[in-house]
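# Breakdown of the fold
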Amino acid sequence: MAEVAEETRKISAWRALGMALGNRKTGFMLLFGFASGLPFALFLGTLFAWLTEAEVDLETMGIFSLIGLAYAFQFLWSPLIDKVDLPLLRRLGKRKQWIVPMQLLLGAILITMSVLEPRTQLGMFSLLAGIGAFASATQDIAINAWRIDVADERATIDILSTVYQMGYRLSSLVGGALGLIIAARIGWPETYMMMGGILLAVGAVGLWAPNATGSAEASEGDEQVRALRRAGELAPAIRNRALAAVGLLWAVAIGAVLTFMILSLTNAPEDRPNPTDFTLTWGPWIIVATIILPALIAGWLAGQKKQGRHLLAEDAPQATGGAYALDHLYRALVLPLVEFVGRMGWSLVLILAVVLTYRICDAIWGTFAYPFYLGELQYTNDDVAFASKFFGVGAIIAGLALGGFMLTVLGRMATLLIGGILAALTNLLYADMALGGAHMQAFSDAVGFTYLIEQVPGIGDADLARLTITIGFENLAIGIAGAAYVAWLSSIVSKQFSAVQYALLSSLTLLVGTLGRGALGEMIEKQGFYDVFILTTWIGLAASVLVCLEWYRERRGKAAAGVLSPEAGEVAPAE
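The rules we used
- Residues numbered from 1 in each chain as written.
- Predicted model: local features only at pLDDT ≥ 70, side-chain atom pairs only at ≥ 80, totals over all residues.
- Heavy atoms only, no water.
- Helix = DSSP H or I, 4+ residues; strand = E, 2+ residues; numbered from the N terminus.
- Buried < 20%, exposed > 50% of the residue type's maximum accessible area, 1.4 Å probe, protein only.
- Areas by Shrake-Rupley, 256 points an atom, 1.4 Å probe, with all protein chains shown as cover.
- Patch = residues over 30% accessible without salt bridge, like charges linked within 9 Å, V, L, I, M, F, W, Y side chains within 5 Å.
- Salt bridge = Lys/Arg side-chain N within 4 Å of Asp/Glu carboxyl O.
- Phe/Tyr/Trp six-rings, centres within 6.5 Å; stacked < 30°, edge-to-face > 60°.
- Lys NZ or Arg CZ within 6 Å of the ring centre and 35° of its normal.
- Polar contact = N/O pair within 3.5 Å; in protein donor to acceptor, adjacent residues only side chain to side chain.
- Contact = heavy atoms within 4.5 Å.
- Axes fitted to C-alpha atoms, helices over the stretch in contact; angles between N-to-C directions.
- Parallel < 35°, antiparallel > 145°, perpendicular 65-115°, else oblique.
- Nonpolar A, V, L, I, M, F, W, Y, C, P; charged D, E, K, R; others polar.
- Core = buried A, V, L, I, M, F, W, Y, C linked by side-chain atoms within 4.5 Å.
- Left-handed = near helix turned anticlockwise from the far one by under 90°.
- Arc of directions from axis to C-beta.
- Lys, Arg positive; Asp, Glu negative; His and termini not counted.
- pLDDT = per-residue confidence, 0-100.

## Structural notes on the overall build of the chain
Per the secondary structure count, the chain includes 24 helices and 0 strands. Of all 575 residues assigned to the chain, the portion counted as buried reaches 53%. Accessible surface, the chain: about 25,000 Å² in total, of which carbon and sulfur atoms supply 66%.

Listed below in structure tokens is the structure:
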């Protein structure tokens, strides 16, 4: 009987996967993922190649590094995306009212940039790039929230998260390597005009994307604000004190970012603050001010409500004027944290530990990849472009596809664990490369991969095969881990506050990698790459241990609730 049940489960998993891939929401998710990744590739990668060709000096180019701040600190305006409705556009849907205009704006910006001359019109060029980065980051917030909101039993959050990343990776290939190839043949202005046209088309098609149904949209807005004044809710005076504290903390953080940007844009090149130093110095304090301290305040509010203190004994009159505005601000800034902390309790500590460690290896490693390939291993630009950009992107997409299949068949937490272990162990492959790559070369020869790479015209040889297969294994593991991580992160946030909660958690993943690069760079200089790869292996394995603890916590919670677990093969005990 057990064998029959297992076989039935696998058939059901395959059927569910097929239905999800044929779902209309999945198609639009692929399109939105592509639209999300394309501006990132064009503003933070390919653009610097255009500026270099236009002979823009490096000091002036440094100002474009500010663009990255829009992505690193996008959570600062996520409450705005979650709460504010755009005039005349709300009828598109809560998320599409932001997604579609941002895509059309990005298309228009890229086309406008294509008719400018970077060297002689640098001021307008940089202004458009900065606006484009903020529009791109805003689009990302709304797309992540849309993915969580529209997920259902057919188009599951696991499948949508995987498809989103596939689209994102495809766009990095189109905007990166393919963009360079196209520009070499038709020119940079024509290339950016083409990319702008693609985003305009995506924005037009996006008008027909489905909206969230049911409670995901019905529970938003004024209903949540009105609910704040019902019996059993926290008294307005207590809420307003918490709002004042959280508002002050967020204002200081936003003020710090704006001050840095103004100084960078108005000062002479030699007087501009360094973006890396700013992120390393102020980044931790911004996280403390906008996430850590507000989370503690939210925890206190959730505790007061749980203990029955400072609650309304009866329904209060609906707020008007200033009180109504304060209730809306509380709903936008504080309530998402109160809901999350109240729902998670002390398990939030474990969840944050997983968030801070699970992707830290590849988040830190990305900065030092090219110095390792080009400097330490002495590969050429063509070698690295082939192994990393073409073969590597293909390997990531294959990993995402495999991750999506594993999510459906094995379950979310099992895939998260396997992906984490594989991603950690691939650091050992790079450790072998740092020592000469004898083992990777022997493996490549044994499986016939070296022969295949040697057939690549112009650059194919045994050395390239060794690098390519190493990058291939790493990216395959990253694809599996990435599919599981985004699906898990999306599953733990509330649909009612998906934009704010997901933006806050994902920002921790991004910033912790940024903050660790300085220490890792110093370690590379003192001890070399080999020791660093051994260290990152242990960090990845430690993150996998945390995933095991989180998996155990989830299973205990579901068993205690007497519900069926969505993890494959797990059934809560019968009462």
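## Digging into a nonpolar patch on the surface
A cluster of nonpolar side chains, Leu105, Met124, Leu127 and Ile131, forms an exposed patch at the surface whose accessible area comes to about 340 Å². At 3 residues, the largest contribution of residues to the nonpolar patch is made by helix H7 (residues 122-150).

## Quick look at the pattern of salt bridges
Enumeration according to the criterion identifies 11 salt bridges in this entry. Note that Asp152 and Lys25 form a salt bridge whose closest N and O atoms lie 2.7 Å from each other. Of this pair, Asp152 sits in the loop between H7 and helix H8 (157-186) while Lys25 sits in helix H2 (residues 24-53), placing them 127 residues apart in sequence. One salt bridge in this structure joins Asp158 and Arg412, with 2.9 Å as the shortest N-O distance. One end of the pair, Asp158, is in helix H8; the other, Arg412, is in helix H19 (residues 412-434), with 254 residues separating them in the sequence.

## Things to note about the packing of aromatic side chains
For the coordinates displayed, the defined rule picks out 21 aromatic pairs. For the ring pair Phe75 and Trp250, a centre distance of 6.2 Å and an interplane angle of 85° mean the geometry is edge-to-face. Taken together, the residues Phe75 in the loop between helix H4 (67-72) and helix H5 (78-83) and Trp250 in helix H12 (residues 236-266) connect sequence positions 175 residues apart. Trp250 carries the same exposure label as Phe75, and that label is buried. Three or more aromatic residues joined by ring pairs form one cluster here, namely Phe372, Tyr373, Tyr430, Phe529 and Phe533. Lying across the ring of Tyr330, Arg239 places its NZ or CZ 5.2 Å from the centre.

## With respect to the side chain of Asp158
Asp158 sits in the buried class, given a relative accessible area of 10%. Engagement of the side chain of Asp158 in a polar contact is seen with the side chain of Arg412, the distance being 2.9 Å. Apart from residues lying up to four places away in sequence, Asp158 is in contact with Leu407, Arg412 and Ala487.

## Considering the packing of H19 against helix H20 (residues 438-446)
Packing of H19 against H20 leaves a shortest axis separation of 7 Å and a crossing angle of 110°. For the element pair H19 / H20, the angle class is roughly perpendicular. Judged by residue contacts, Leu429, Asp432 and Met433 of H19 engage Ala438, His439 and Met440 from H20. Residue composition of the contact of H19 with H20, grouped by class: 4 nonpolar, 1 polar and 1 charged.

## Notes on the nonpolar core
Judged by nonpolar contacts, the single largest core of 125 residues is most densely connected at Phe43, Leu47, Phe73, Phe75, Tyr330, Trp488 and Ile492. In terms of residue count, H7 provides more of this core than any other element does, 13 residues in total. Ranked by size, the runner-up nonpolar core spans 25 residues in total, among them Ala387, Phe449, Ala465 and Leu520.

## Observations regarding unusual backbone geometry
In this structure, His310 takes a positive phi of about 60° despite not being glycine. Within the secondary structure layout, His310 lies in the loop between helix H13 (275-306) and helix H14 (321-333). Its identity is not glycine, yet Gln378 carries a phi of approximately 65°, on the positive side. Structurally, the position occupied by Gln378 is in the loop between helix H17 (360-376) and helix H18 (381-409).

## Focus: the packing of H7 against H8
Where H7 meets H8, the closest approach of the two axes is 9 Å, and the angle between their N-to-C directions is 150°. When the axis of H7 is compared with that of H8, the two are roughly antiparallel. The two elements H7 and H8 meet at a crossing, and its hand is right-handed. Of the residues in H8, those in contact with Ile143, Asn144, Arg147, Ile148 and Val150 of H7 are Ile157, Leu160, Ser161 and Tyr164. Broken down by class, the residue content of the contact of H7 with H8 amounts to 6 nonpolar, 2 polar and 1 charged.

## Some details on helix H16 (residues 347-357)
When H16 is considered as a whole, its buried residues turn out to be Ser347, Leu348, Leu350, Ile351, Val354 and Val355. Summarising the axial view, the buried residues of H16 lie within an arc of 160°, below the 170-degree limit, and thus occupy one face.

## Quick look at the side chain of Asp432
Its location among the elements puts Asp432 in helix H19. An unpaired buried charge is present at Asp432: no salt bridge exists, and Arg466, the closest side chain of opposite charge, is 6.8 Å distant.

## Things to note about the environment of Thr450
Structurally, Thr450 can be placed in helix H21 (residues 449-454). For Thr450, a relative accessible area of 6% gives the class buried. Along the sequence, Thr450 and Leu464 sit 14 residues apart, while their C-alpha atoms lie 8.3 Å from each other. The residues touching Thr450, leaving out its near neighbours within four places in the chain, are Gln441, Ser444, Asp445, Ala462 and Ala465.

## Considering the confidence of the model for the chain
Scored by pLDDT, the chain comes out at a mean of 83, with 86% of its residues at no less than 70. Here helix H10 (residues 215-218) stands out as the element of the chain with the lowest mean pLDDT, 44, in contrast to helix H6 (residues 96-114), whose mean of 95 is the highest. Within the model, the stretch residues 214-219 combines pLDDT values under 50 with 10 contacts to residues more than four positions away or in other chains. Contacts of residues 564-575 to residues separated by more than four positions or lying in other chains number 23 contacts, the stretch itself having pLDDT below 50.

## A few points about the environment of Phe390
Counting through the fold element by element, Phe390 comes out in helix H18. Residue Phe390 is classed as partly exposed on the basis of its relative accessible area, which comes to 38%. For the pair Phe390 and Thr468, spaced 78 residues apart in sequence, the C-alpha to C-alpha distance is 9.9 Å. Ignoring sequence-local partners within four residues, the contact set of Phe390 consists of Leu173, Ala177, Ile181 and Ala385.

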